[in-house]
Structure formats: C-alpha cells, structure tokens
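So the chains spell out like this:
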Amino acid sequence: MAFRRLWLRRVLMNKEFLCRVFRKDDENAVKQLVESIFSGFLEGKYWNWKYKENPYFDSRLVAVAEVNGEIVGCNHWLFRDLKFSGSVVDKAVLAADVAVRPYYRGKGLGSSLLQFLRSSNIVKSRNVALIYMFADLELAKKFHTPAAGYVLVPDGTVQYTKVLNWKKVKQNIDLLNDEMRSGNLGRKVPKRGLKVLFKMSAAPPLCIHVKEDGLAVDESENLDGNADVVVSGDLSVLNRIKMAKRRRWSFLKALLTGKIKVKVRLSKLFSVFDALWIFEEVFGKKMT
Ligand SMILES: CC(C)(COP(=O)(O)OP(=O)(O)OC[C@H]1O[C@@H](n2cnc3c(N)ncnc32)[C@H](O)[C@@H]1OP(=O)(O)O)[C@@H](O)C(=O)NCCC(=O)NCCS
C-alpha cells in the first residue's frame, strides 16, 4: 500500500500531484470538471447522465488527480458485459472519460490517471476479458497507447440497431394518446395513475406518467422521489427483451437475474400489471 501511494505521487513543477479513488465529497468538483471539459454534451447534464444516474456507476472506478487539495483531473471507467458474438458474452471494462484541466495538461496527469485505474485492484479482481475504449486516432497513438498500453484495432459497424430512442418513444406516446382520446382503444388504463421512471444506462432518465386521460412525459431533474416505479438496467437487456418471442417471460428472466431492476411502490403493484401493455406498445415498436 505504501509503495502504491508512493508510486502514484508525482512531482509537477515543484508541486506534487496525487491520483486517488473518488470520494463522496469530490462530487461537486468532479461534476464541475467533467461538465466544463465535455460541455458540448447534454447541456450540462453530463455528470448525472453518464455517472450518477448510470445503473453501472461505481464510484470506485472514478480516479481523481489532485494538486494541493484541488481536483484538476479525473478518469471514469465502467464495468460492462460485452457481446463478442451471438453466444459469447464476457466481462469487460469500458474506459470512459479522462479529463485534465487545461492549465495542468502535458505534465503527465492524464497518463497517471489511466495507469491508476488500470492497476486498480477492483478491476484486477473482476478478471475482465478486455479493457476497451473509443478514442480519437491521434490521441490514442500519442496518449492512450504509450501511457497505458492500449492496442489500436480497426473498427467498423457491422449492424446498427437503435435500441432506445426517447424521441421515438415520445412519438409512440402521442400516437397512443390519440387512440385513447378517440375512444377506439378498447383497452383498460389504470385508474389511479402511475409514474414510471426509466433509468437505462447510456440514456438520460425519463418518466412516463400514465393517467386515465392519457400519457405524459416528464424529463425534469430529481424525478426519483416522485416515481411509483423505477426501472433501471442496461440497454442491451432492453434489446433482448424486445427481440424475444415471449417478451413478458424475457422481462421476468431479466428481473430474476438482476439484469433489470424494478422498484415498485407496493400500493401501485396492481396498476403496474394493468399498465404493462402500455409499455409494450410504447417500447416494442422500431426505434430507428
Ligand atoms: C487527453 C488529456 C486527458 C491528456 O491529459 P494530459 O495530462 O495532458 O496527459 P499527459 O500529460 O499524460 O500527456 C501524455 C501524452 O499525450 C499527448 N496528448 C495529450 N493530449 C493530446 C491530444 N489532444 N492530442 C494528441 N496528443 C495529446 C501529450 O502530448 C503527451 O505526449 P508527450 O509525452 O509525447 O508530450 C487532456 O488533454 C484533456 O483533458 N483533454 C480534453 C478531454 C479529452 O479529450 N479526453 C479524452 C477523450 S475522453
């Protein structure tokens, strides 16, 4: 441990920098850092989407670089199940964002952050088949490969399937609302209302409010406290359910194996069963 601590301290223009694992009280500083560096994504909701509300988020997989107690860099990883072929799925790690404040760049902090997570015991103990990332070619050659031994591999899209598209979900909701309002639906909508929050990895959270007079979408922040049902999990599981012949059975299997997590307010349990068909309608259609 002492050796490890020593190895991770480096000297930076007479100041030391230190790489360490994220602590709870780092949240604001890291959030601010990633949002300032990746500001082009998601209008500032980046931290919540990619980190905090990601069901795979594990704070032990965020490393920070500190100079004089100030957080000036961070690196974030995620555990994934990676599908190598139709029948081969193995554990993998997606090395996600690495960011260093502009003033501190070019001084080895970024490389140390990559090395810190690669040597982390939690990553080692998972016995992952692969650590992978998507990077700009130039950056990969000059940064990721020399710093942490990444090997460049050719990539290409063999098949593209959009699993989830909130825009399409909203369109499907509008269509269903039209049918409900025209009175032609002939199906039962739960009378007592239901708020279902979807927190799928790699997608911003979205709440669907099922009301007797139609469905409404809520994308505001802090939806958790309000929801009757919270569904969280990985998009690939959602895809498997969608493709399955018997979707409800496939959904149940995903629940039992923990691949999809559903938290339900007990008083709403029956409403959930009454509303299942609605979610099949809204999510079951093509998303491309
Ligand atoms: C990429 C980044 C994290 C590197 O951090 P850093 O602290 O400057 O990294 P290091 O000092 O360890 O640099 C290591 C090497 O990478 C090279 N490098 C860094 N950024 C580079 C870039 N954008 N393009 C090409 N090479 C780059 C450096 O020149 C250095 O090479 P050298 O030792 O031959 O001079 C930092 O530039 C950054 O935050 N960029 C914005 C966010 C980003 O693009 N992240 C990566 C994608 S998620």
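Data block above holds the structure.
Rules and cut-offs
Residues numbered from 1 in each chain as written. Predicted model: local features only at pLDDT ≥ 70, side-chain atom pairs only at ≥ 80, totals over all residues. Heavy atoms only, no water. Phe/Tyr/Trp six-rings, centres within 6.5 Å; stacked < 30°, edge-to-face > 60°. Buried < 20%, exposed > 50% of the residue type's maximum accessible area, 1.4 Å probe, protein only. Helix = DSSP H or I, 4+ residues; strand = E, 2+ residues; numbered from the N terminus. Lys NZ or Arg CZ within 6 Å of the ring centre and 35° of its normal. Near = heavy atom within 4 Å. Polar contact = N/O pair within 3.5 Å; in protein donor to acceptor, adjacent residues only side chain to side chain. Areas by Shrake-Rupley, 256 points an atom, 1.4 Å probe, with all protein chains shown as cover. Nonpolar A, V, L, I, M, F, W, Y, C, P; charged D, E, K, R; others polar. Patch = residues over 30% accessible without salt bridge, like charges linked within 9 Å, V, L, I, M, F, W, Y side chains within 5 Å. Salt bridge = Lys/Arg side-chain N within 4 Å of Asp/Glu carboxyl O. Lys, Arg positive; Asp, Glu negative; His and termini not counted. Charge placed at Lys NZ, Arg CZ, Asp CG, Glu CD.

## Digging into the packing of aromatic side chains
Two descriptors summarise a pair of aromatic rings, namely the distance from one centre to the other and the angle between the planes of the rings. Evaluation of the coordinates by the stated rule reveals six aromatic pairs. With 5.0 Å between their ring centres and 85 degrees between their planes, Tyr103 and Tyr104 make a pair best called edge-to-face. Residue Tyr104 is classed as buried on the basis of its relative accessible area of 11%. Look at Phe198 and Phe279: their rings are 5.7 Å apart centre to centre, the planes differ by 55 degrees, and that puts the pair in the tilted class. Linking Phe198 in strand E7 (residues 194-200) with Phe279 in helix H10 (residues 269-284), this pair joins segments that are 81 residues apart in sequence. An aromatic cluster is present here, built from Trp166, Phe198, Phe279 and Phe283 joined pairwise through their rings. Between the NZ or CZ atom of Lys107 and the centre of the ring of Tyr103, over which it lies, the distance is 5.4 Å. A cation over a ring is seen here: Arg126 above Phe79, with NZ or CZ 4.1 Å from the ring centre.

## Points about the site of the ligand
Surveying the vicinity of the ligand reveals 16 residues, the closest of which are Val100, Gly106, Gly108, Gly110 and Ser111. Here an oxygen atom of the ligand and a backbone polar atom of Lys107 are 3.1 Å apart. Separating an oxygen atom of the ligand from a side-chain N or O atom of Ser111 is a distance of 2.5 Å. A total of 890 Å² of accessible area belongs to the ligand in isolation, and the protein chains cover 62% of it. Among the secondary structure elements, those contributing two or more residues to the shell around the ligand are strand E5 (89-100), helix H4 (109-118) and helix H6 (137-148). Ranked by the residues each element gives to the shell around the ligand, the list is headed by E5, at four residues. Looking at the shell around the ligand residue by residue, the classes come out as eight nonpolar, four polar and four charged.

## Points about a positive patch on the surface
On the surface, a cluster of positive charge is made up of Lys83, Arg240, Arg246, Lys253 and Lys259. The topology assignment puts Lys253 in helix H9 (residues 247-256). Here Lys253 falls in the partly exposed class, since its relative accessible area comes to 48%.

## Concerning the pattern of salt bridges
This structure, assessed with the given rule, holds eight salt bridges. In this structure, Arg60 engages Asp58 in a salt bridge whose closest nitrogen and oxygen atoms are separated by 2.8 Å. On the basis of relative accessible area, Arg60 is assigned to the partly exposed category, the value being 48%. A salt bridge links Glu138 to Lys141; the nearest nitrogen and oxygen atoms lie 3.9 Å apart. In this pair, Glu138 and Lys141 both sit in helix H6, three residues apart, roughly one turn of the helix. A relative accessible area of 45% places Glu138 in the partly exposed class. Lys141 gets classed as partly exposed once you look at its relative accessible area, which sits at 45%. Among the charged side chains, a network of salt bridges with common partners joins Arg20, Asp26 and Glu66.

Purely geometric numbers; function is a separate question.
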